[in-house]
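Given next are the chains, with one letter for each unit.
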Amino acid sequence: MEFKQFDVNKLMYVTNRPELVFTEGSGMWLTDHNGKRYLDYLQGWAVNALGHSPQCIQDALVAQGKKLLNPSPAFYNAPSIELADLLTDNSVFDRVFFANSGAEANEGAIKLARKWGKKNPAANGDARFEIITFKHSFHGRTIATMSASGKDGWDTMFAPQVPGFPKATLNDLASVEKLINKHTVAIMLEPVQGEGGVIPATREFMQGLRKLTQQANLLLIVDEVQTGMGRTGELFAYQLSDIEPDIMTLGKGIGGGVPLAALLARESIACFEAGEQGGTYNGNPLMTAVGVAVMKELLKPGFMQTVRERAEYLRAGSLKLSAKHGFEGERGEGLLRALQLGKDIGPQIVEAARNMGPVGLLLNAPRPNLLRFMPSLNVSNEEIDQMFSMLSDVLVKLGH
Ligand SMILES: *Cc1c(COP(=O)(O)O)cnc(C)c1O
């Protein structure tokens, strides 16, 4: 078998992967080791905000690579200052700490909330540390962020894990209120649960949480690792519900494909003292220069309007396909959407779409009864048409 040219067994086993090695990417397209092309609706898991290897990222990497890779996090560097400026100028936040992954940014958010809870204790002087999170949420794969996540079994998989993350039900304000006690310091959620199956928090729920947290002197933390950086049709998803959170985390799209993440807070919350937070690669100029390039693209006049138009086009196409095949409609925000299949045929569709020839289609089923679409933000209408046409062929072939 041709795949045998690669001995993949030296890589530690962590998940099942198809026998493909991807060698090149451009825009919405990937090419494997056999030269077969794939229309890519995963985009590195909603990471490649501008598609595979966009010119602006190539340019930023080359230009910054020639100048300065890493002076150490003990010193300032220009790209990180510029990116922090761009992020705070375009959000409600005042301070930025850069990280290398979404999980690391969320760890930082948890640390910052606990630190703030020590400085703002309960009436009897006890430190506050509990952070209410949600069932089916996903916040990362470190020990603490797994404990915070609401995936079944994730809080005990590597026990003993980190206590202090009671789980409420999304879009159920009473379930949150019930969990608040004198130890509670914050509520943390994804404005749209991504890995949980593209489930948006409603505008009423987000506004209710903001009111509740203000009344109870709690922090509201939005994990926008998947929803941030234009993905939902606004620069940040909290803007969809007209609220101002206290802390936000970013990842995925912020680096457009390179490892970059961020923890943002309002000035009054940003209470780390010297030595309490840091990291060898945090805020390094190579990655933050890419972040600047991505952010400048998103801020170009008309860019976000185009994202919203593409989202509407994708939504309409999904609904049409759903009606034709007797599925249950679609949901999502912006270009983070899911087709609701109504039966557990997602994995079988994903596999058949990838294997079809001469050109394949890469899709994702976060739950067996859903297909999630996370194209690049600059996907074209033609690339959306092409995806639905390929998907339709697969469905017919599979007899759905
Ligand atoms: C992907 C994701 C994370 C984890 O990000 P990593 O970069 O994989 O650590 C955290 N939160 C949300 C909402 C995510 O989608």
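Every value quoted in this text rests on a predicted model; they were computed, and no experiment measured them. (Residues numbered from 1 in each chain as written. Predicted model: local features only at pLDDT ≥ 70, side-chain atom pairs only at ≥ 80, totals over all residues. Heavy atoms only, no water.)

(A) Here's a closer look at the domain arrangement of the chain. In terms of domains, the chain is made up of domain 1 (2-51 + 313-398) and domain 2 (55-298). Around 1900 Å² of area is buried between domain 1 and domain 2 when both sides are counted, 61% of it from carbon and sulfur atoms. On the domain 1 side of the interface with domain 2, the three residues burying the most area are Leu50, Glu333 and Leu336, jointly 30% of the side's total. Summed over the shared surface of domain 1 and domain 2, the result is one salt bridge. Between Glu195 and Arg372 there is a salt bridge, with its nearest N and O atoms 2.9 Å apart. There are eleven residue pairs in polar contact (both at pLDDT 80 or more) connecting domain 1 and domain 2. Sorting the residues of the side of domain 1 that touches domain 2 by element identifies α1 (43-46), β13 (330-333), β14 (336-340) and β16 (370-373) as the ones contributing at least two each. Among the residues forming the side of domain 1 that touches domain 2, the class breakdown is 13 nonpolar, five polar and five charged. (Domains from an automatic or database assignment. Buried area = accessible area lost by both parts, 1.4 Å probe. Salt bridge = Lys/Arg side-chain N within 4 Å of Asp/Glu carboxyl O. Polar contact = N/O pair within 3.5 Å; in protein donor to acceptor, adjacent residues only side chain to side chain. Helix = DSSP H or I, 4+ residues; strand = E, 2+ residues; numbered from the N terminus. Nonpolar A, V, L, I, M, F, W, Y, C, P; charged D, E, K, R; others polar.)

(B) Spotlight on the sheet that holds β16. One open sheet holds the three strands; their spatial order is β13-β14-β16, and the pairing between them is antiparallel. The outermost strands of the open sheet, each flanked by one partner alone, are β13 and β16. Direction aside, the axes of adjacent strands within the sheet are offset by 15° on average. Note: β14 against β16, four bridges, orientation antiparallel. Residue pairing in the sheet places Ala338 in a bridge with Arg372 of β16. (Pairing = 2+ DSSP bridges. Axes fitted to C-alpha atoms, helices over the stretch in contact; angles between N-to-C directions.)

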